[in-house]
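# Summary of structural features
Chain residues, written in single-letter form:
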Amino acid sequence: MEQLVQAVDEVLAGEGRIGGRAESPRHTRVGDVHHLEDGWYGLPTYASRIDPDDLQDMRLATGAGPDDRRGRSFTVLGWRVESERVRLQVAAHAPRSGLALWAVRRPPDFLLRSLREALAALPDTGLAERLVGGRIDAVAPAEASACGGVLKGGQAQAYLACTSPGLRLVWGPPGTGKTTVLTRALSDLALRGKRVLRAAGGWPAVCWQPRWQSATTTRARASVSSRRTRCRPR
């Protein structure tokens, strides 16, 4: 883990940001908003790119901004990105006109610094340290079977790798049944009461909705997997 922290430090140093944090953040004006309905305002985005994830402490304010004692300021309670605008929610008693969005913009190195702080604060690197060090657990033998013999060979090895304690990597070319095995493994883990974290390099894979998700909400009913053979914990 120290190597990862050092790597992030090198990136920050290369961008000239290895020093302390920037000066105290200040609110800057993002743009005028228009009233939509009680408690909701719209910020047009068709003329410029505005990402609320890059903004902190968002407020709708009159006059010279939130720090203007002669004006009024309303904390943004929620937001939603829509077509060519961002919908902002504030208190329902806010005025219908004369408001603008003010916010503290995150520094360009915000994500890198947050990553570094999170890595440095990890008390036990556990499996992550083993993964970086290449210390992978052994897989089941090639002649292994799983799910009452439904899965054999490489598919059984992949299933057991996903459902057994330890750290393993599963790879397979197209057409080898990765989706089938993964769906079965995730379903059985959910039915055992295990938590599953799913991540991928692309949105289609992340948004994929396998059958196992229904099992998390109907875990007590056997009908979830009545149409297929399911492995049971020994």
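So, here is what we can say about the structure in this document. (Residues numbered from 1 in each chain as written. Predicted model: local features only at pLDDT ≥ 70, side-chain atom pairs only at ≥ 80, totals over all residues. Heavy atoms only, no water.)

Regarding its fold elements, the chain presents seven helices and 10 strands. Expressed as a percentage of its 234 residues, the buried residues of the chain come to 31%. Considering only intrachain contacts with a sequence separation of at least 6, the fraction spanning at least 24 residues in the chain is 63%. Split by element, the accessible area of the chain, about 15400 Å² in all, is 52% carbon and sulfur. (Helix = DSSP H or I, 4+ residues; strand = E, 2+ residues; numbered from the N terminus. Buried < 20%, exposed > 50% of the residue type's maximum accessible area, 1.4 Å probe, protein only. Contact = heavy atoms within 4.5 Å. Areas by Shrake-Rupley, 256 points an atom, 1.4 Å probe, with all protein chains shown as cover.)

Remark: helix H1 (residues 2–14) packs on helix H2 (residues 110–121), axes separated minimally by 9 Å, with the N-to-C direction vectors making an angle of 160°. Taken together, the axes of H1 and H2 are roughly antiparallel relative to one another. Taken as a pair, H1 and H2 cross one another with a handedness that is left-handed. Contacts between H1 and H2 involve Leu-4, Val-5, Val-8, Asp-9, Val-11 and Leu-12 from the first element and Leu-112, Arg-113, Leu-115, Arg-116, Leu-119 and Ala-120 from the second. Its residues assigned to classes, the contact of H1 with H2 comprises nine nonpolar, no polar and three charged. (Axes fitted to C-alpha atoms, helices over the stretch in contact; angles between N-to-C directions. Parallel < 35°, antiparallel > 145°, perpendicular 65-115°, else oblique. Left-handed = near helix turned anticlockwise from the far one by under 90°. Nonpolar A, V, L, I, M, F, W, Y, C, P; charged D, E, K, R; others polar.)

Below, the discussion takes up the sheet that holds strand E1 (residues 28–32). If you trace the four strands from one edge of the open sheet to the other, you get E1-E8-E4-E5, paired in antiparallel fashion. Since the sheet does not close on itself, it has two edges, and those belong to E1 and strand E5 (73–75), each with one partner. The mean inter-strand angle of the sheet, taken between neighbouring strand axes irrespective of direction, is 35°. Judged from the five bridges that link them, strand E4 (residues 55–61) and strand E8 (residues 100–105) form a sheet pairing that is antiparallel. (Pairing = 2+ DSSP bridges.)

What follows concerns the nonpolar core. Val-33, Leu-43, Leu-60, Leu-88 and Leu-101 are the most contacted members of the largest nonpolar core, which totals 17 residues. Breaking this core down by element, the ones donating at least two residues are strand E3 (40–44), E4, strand E7 (85–89) and E8. It is E4 that provides the largest number of residues to this core, a total of three residues. One finds Leu-151, Ala-156, Ala-158 and Ala-185 within the second-largest nonpolar core, a separate group that totals eight residues. (Core = buried A, V, L, I, M, F, W, Y, C linked by side-chain atoms within 4.5 Å.)

Moving on: the sheet that holds strand E6 (residues 78–82). Reading across from one edge, E2-E3-E7-E6 is the order of the four strands in this open sheet, with antiparallel pairing throughout. Among the strands making up the open sheet, the edge pair consists of strand E2 (34–37) and E6. Within the sheet, the average angular offset between the axes of one strand and its neighbour, ignoring direction, is 30°. Looking at chain direction, E3 and E7 are connected through five bridges and run antiparallel. Each bridged residue has a counterpart across the sheet, and for Leu-43 the counterpart in E7 is Val-86.

Now for the environment of Val-76. As for its placement among the helices and strands, Val-76 is situated in the loop between E5 and E6. When the C-alpha positions of Val-76 and Met-58 are compared, they lie 5.5 Å apart, and in sequence the two are 18 residues distant.

Right, let's talk about unusual backbone geometry for a bit. Even without being a glycine, Asp-57 presents a positive backbone phi close to 50°. One can find Asp-57 in strand E4. In this model, Cys-147 sits at a positive phi of 55°, which is unusual for a non-glycine residue. Summarising the element assignment, Cys-147 is placed in the loop between strand E9 (145–146) and strand E10 (151–152). Assessed through its relative accessible area of 4%, Cys-147 is described here as buried.

Glancing now at the pairing of E3. E3 sits mainly inside the fold: four of its five residues count as buried. Bridging between E2 and E3 involves three bridges; their strand directions are antiparallel. Bridging across to E3, His-34 finds its partner in Gly-42. Hairpin connection from E2 to E3: two residues lie between these consecutive antiparallel strands, with Gly-39 at a positive phi of about 85°.

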